[in-house]
Amino acid sequence: MRHLMSPLDFSTEELEELFDLANDIEQNPEKYAHACNGRILATCFYEPSTRTRLSFESAMTRLGGRVIGFSDAASSSASKGESVSDTIRIISCYADICAMRHPKEGAPMVAAEKSGIPVINAGDGGHQHPTQTLTDLLTIRSLKGRLGAFTIGLCGDLKFGRTVHSLINALTRYNDIRFLFISPEELRVPDYITDMLRDKEIPYEEVIRLEDVMPRLDLLYMTRVQKERFFNEEDYVRLKDFYILNSEKMELARNDMLILHPLPRVNEISVEVDDDPRAAYFKQARYGVYVRMALILTLLNITV
Ligand code: NCD
């Protein structure tokens, strides 16, 4: 039995197979419409989410399966003091596969140890968010035609953004990638990540102004300032509008640069950018469903 805790749990070859499957699902959805008949996905979300939870539900429903679950800790037995290990043992009796989001780093991993069914980490604190990373990689591969040989700018909250940490980790396995980290001093990417990049001799630069690097980027990954992980409101208010990507800044970008964003967006991308052909973030949400469909089939060992 296999779980997904980190994007590195799959080799790059396995990821290629997963993405080929996701692209085939996109092209031939009817072929997969009953692949999960009779199967149940449990979504155990101890932390708020709209798109991740709903995209899992959409994915399982589009495969013909059913979904059970809870969408916040207050409505689960966690509010009575039940441990994640006990909850997953029970869920294992009710469902065939589980997607879990938790505010504590490592909680889905603790669950996986006691689970009788595959567990998918749907975001653990500020740590990892592997299915968002699979979504990001599939989007890049589908729209750029390759993974590797590009300069990617990651902009915004690089300290608390788990999607950023997961994506950097995953991209280190591809060739010829240069990272440009664009953040205010207070929200710099954690040292353990820059240490890891230095060890692997992967080039990166850290800058504060987005305008300074815009013309060099093949991809721009925008992120929201992670309000819920701040210790005080004042810091959040000071930093929340540090970056606002608008049409004027987009004039500095290449014609084929893509803008990605895991969403939800707050103010960091003005709505006027949405109609720019380079804005890929809504397409990205669609790829998120295909890749989760492919992941569910793969972890359940279902071939169509
Ligand atoms: C992200 C998350 O939950 O980390 N959202 C998502 O899953 N698409 C990004 C965010 O909340 O900023």
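Here goes a summary of the coordinates provided. The structure displayed is predicted, hence computed values, not measured ones.

## What about the sheet that holds strand β2 (residues 66-70)?
- Reading across from one edge, β2-β1-β3-β4 is the order of the 4 strands in this open sheet, with parallel pairing throughout. Unpaired on one side and paired on the other, β2 and β4 (119-124) mark the two borders of the sheet. Each adjacent strand pair in this sheet contributes to an overall mean axis angle of 15 degrees, direction not counted.
- As paired strands, strand β1 (residues 40-45) and strand β3 (residues 97-102) are joined by 5 bridges and run parallel to one another. Bridge pairing in β3 links C44 to M100.

## Regarding the site of the ligand
- Looking at the ligand, the residues that line it are R51, T52, R101, H129, Q132, R162, T163, R224, Q226, P262, L263 and P264.
- Separating an oxygen atom of the ligand from a side-chain N or O atom of R224 is a distance of 2.7 Å.
- L263 places a main-chain nitrogen or oxygen 3.0 Å from a nitrogen atom of the ligand.
- For the ligand, the accessible surface in isolation is 320 Å², of which the surrounding protein chains cover 94%.
- Of all the secondary-structure elements, those providing two or more residues to the shell around the ligand are α2 (51-62) and α6 (162-171).
- Grouping the constituent residues of the shell around the ligand by class yields 3 nonpolar, 5 polar and 4 charged.

## Overview of the nonpolar core
- Ranked by internal contacts, the top residues of the largest apolar core, which has 60 residues, are I152, L154, I168 and F179.
- Per-element tally for this core: the top contributor is helix α11 (residues 281-299), with 10 residues.
- Those residues within four positions of F179 in sequence are excluded, and the remaining contacts are I152, L154, I168, L171, L197, I202, P203, Y204 and E205.
- Within the second largest apolar cluster, 21 residues are counted, among which are C155, L180, I182 and A279.

The rules we used
- Residues numbered from 1 in each chain as written.
- Predicted model: local features only at pLDDT ≥ 70, side-chain atom pairs only at ≥ 80, totals over all residues.
- Heavy atoms only, no water.
- Pairing = 2+ DSSP bridges.
- Helix = DSSP H or I, 4+ residues; strand = E, 2+ residues; numbered from the N terminus.
- Axes fitted to C-alpha atoms, helices over the stretch in contact; angles between N-to-C directions.
- Near = heavy atom within 4 Å.
- Polar contact = N/O pair within 3.5 Å; in protein donor to acceptor, adjacent residues only side chain to side chain.
- Areas by Shrake-Rupley, 256 points an atom, 1.4 Å probe, with all protein chains shown as cover.
- Nonpolar A, V, L, I, M, F, W, Y, C, P; charged D, E, K, R; others polar.
- Core = buried A, V, L, I, M, F, W, Y, C linked by side-chain atoms within 4.5 Å.
- Buried < 20%, exposed > 50% of the residue type's maximum accessible area, 1.4 Å probe, protein only.
- Contact = heavy atoms within 4.5 Å.

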